[in-house]
Amino acid sequence: MNVSLQNIDKVSALLTVKLEKADYQEKVDKALKSFRQKAQMPGFRKGMVPMSLIKKMYGKSVLAEEVNKLLSETVFKYIQDNKVNILGEPMPDEDKQPAIDFDTMEEFEFLFDIALAPEFKAEVSAEDKVDYYDIEVSDEMVNNQIKAYTQRNGKYEKVDTYADKDMLKGLLAELDEEGNAKEGGIQVEGAVMMPAYMKNDEQKAIFANAKVNDVLVFNPHTAWDGNPAELASLLKIDKEAAAEMKSDFSFQVEEITRFVEGELNQEIFDQVFGEGTVKTEEEFRVKVKEAIAKQFVADSDYKFLIDLRKVLMEKVGKLEFPDALLKRIMRANNPDKDEKFVEDNYGKSIEELTWHLIKEQLVKANDIKVEQQDIANMAREATRAQFAQYGMLNIPDELVENYVKEMLKKKESVEGLVNRVVETKLTNAIKPQVTLEHKSISAEDFNKMFE
């Protein structure tokens, strides 16, 4: 066996692999013996088919399979042992590759075109200035978050007089043209409505200041702008019938229920931040603000990495790539796409490849490694962040661990977590090395940068 690499230019090379009979024959013989042991043919007992017949039937396919397996292992090992920094996969040479005939040949020569990564140096220093956006936590954000906590601890209370967003329960009855209960008409006992969500303001106004036992006349079709789903739900009929239902209805109010927010008290303090962590409303507001700010750090770091990418891409400049070969690789990886797809997307793929190579150098230079514990911790962080979006900060560890276990079972989730660990560690490593240009910004303006 002989393997050699010949550089064609700075970013491409020709890899040649020569295999002799001695390199593969033992593997071929072993595979044929395995076939013989399993072979069942008329006239022969199992495992007793003559080897000459086995070779005649399977020899060529076994030879091809074993040579290709050995070839793949040899190429991979050579690239790994010699630390050849390749892009994509080795591609069979289209011009110089000799014809292969497994019927007559015993020695084989395989030629592969290799795309090499360009040589460059990606470094950062204090001279590199990168924007870093500090997202402001407004009083409105804190108030809204606190309101979410108190609403979760709220309860429904029965009241005597209707106010906006109250819930009504009562007897709903279809009326005839004279305004009397329609014989055989629709009647719904215990019908529940929230007039605040009616589409028509005039119909909505009918229920203003309504009291228990009041009987009110309204038109559901007008009130909900003929929405068949809303009408079907209220009148307990199918959507087709609801779309045609335009009668007036009476509604006798039997019950008025109002949602009352919970009080901001020690119970909520303990629910959110753990027992005894917070004692006063002032302390609670400070902690809520800190929690929101912590959630924003990940967003700020994400934007920092985008801006760092821009700075380093400009600093590194345009790199040389073996364009023709990379386009071949791109076509091979997208067999269902046409040539236009490759031409339209090649520029963007090179941009992403350049950033990938820059990032690889930075990861290596900063000795960034990903351990299993890092992946699990990132899964926990992602889980808690997900709950935090709904204001749930003090999640039991057992619940978090159950979510983490499920995440770590999925290959796609693990790959995503590994990428997040790398980017988080890289961000934390690079921030002290460059000059951060801090800029305060509102959450609204920050989000506009991604529109």
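Relevant structure appears above.
Only a predicted model underlies this, so the values are computations on that prediction, with no experimental measurement involved.

Trainee: So what's going on with the nonpolar core? Residues and values would help.
Mentor: Within the largest apolar cluster, 34 residues are counted, with the highest numbers of intra-cluster contacts made by Leu87, Leu308, Phe321, Leu326, Ile358 and Ile430. Where this core is concerned, the elements lending two or more residues are strand E3 (86–92), strand E5 (129–135), helix H9 (281–316), helix H10 (323–333), helix H11 (339–365) and helix H14 (411–430). With 9 residues, H11 is the single largest residue contributor to this core. Within the second largest apolar cluster, 27 residues are counted, among which are Val62, Leu63, Tyr78 and Ile79.

Trainee: Which residues make up unusual backbone geometry, and what are the values?
Mentor: The backbone of Asn209 sits at a positive phi, close to 60 degrees, despite the residue not being glycine. Among the structural elements, Asn209 can be located in the loop between helix H4 (201–205) and strand E9 (215–218). Of note, Asp367 is a non-glycine position whose phi angle comes to about 50 degrees, a positive value. As for its position among the elements, Asp367 is in the loop between H11 and helix H12 (372–388). According to the relative accessible area criterion, Asp367 is exposed, its value standing at 53%.

Trainee: Break down the side chain of Lys303 for me, with residues and values.
Mentor: Its place among the elements puts Lys303 in helix H9. Of the residues examined, Lys303 reaches a relative accessible area of 10% and is grouped as buried. Those residues in contact with Lys303 that sit more than four places away from it in its chain are Tyr133, Phe446, Met449 and Phe450.

Trainee: Let's hear about the pairing of E9: which residues, and what values?
Mentor: Burial of the side chains of E9 is restricted to one face: Leu216 and Phe218 are buried, whereas none of Val215 and Val217 on the reverse face is. Of the strand pairs in this sheet, E9 and strand E10 (residues 249–260) are connected by 4 bridges, and their pairing is antiparallel. The residue bridging Phe218 from the neighbouring strand is Phe249, located in E10.

Trainee: Outline the environment of Glu94, listing residues and values.
Mentor: With respect to the helices and strands, the residue Glu94 is situated in the loop between E3 and strand E4 (108–116). Its relative accessible area of 60% is what places Glu94 among the exposed residues. Taking C-alpha positions, Glu94 is 76 Å from Val260, a pair spaced 166 residues apart along the chain. Other than its neighbours up to four places away in sequence, Glu94 contacts Asp113 and Arg328. A distance of 3.5 Å separates the side chain of Glu94 from the side chain of Arg328, its partner in a polar contact.

Rules used throughout
Residues numbered from 1 in each chain as written. Predicted model: local features only at pLDDT ≥ 70, side-chain atom pairs only at ≥ 80, totals over all residues. Heavy atoms only, no water. Core = buried A, V, L, I, M, F, W, Y, C linked by side-chain atoms within 4.5 Å. Buried < 20%, exposed > 50% of the residue type's maximum accessible area, 1.4 Å probe, protein only. Helix = DSSP H or I, 4+ residues; strand = E, 2+ residues; numbered from the N terminus. Contact = heavy atoms within 4.5 Å. Pairing = 2+ DSSP bridges. Polar contact = N/O pair within 3.5 Å; in protein donor to acceptor, adjacent residues only side chain to side chain.

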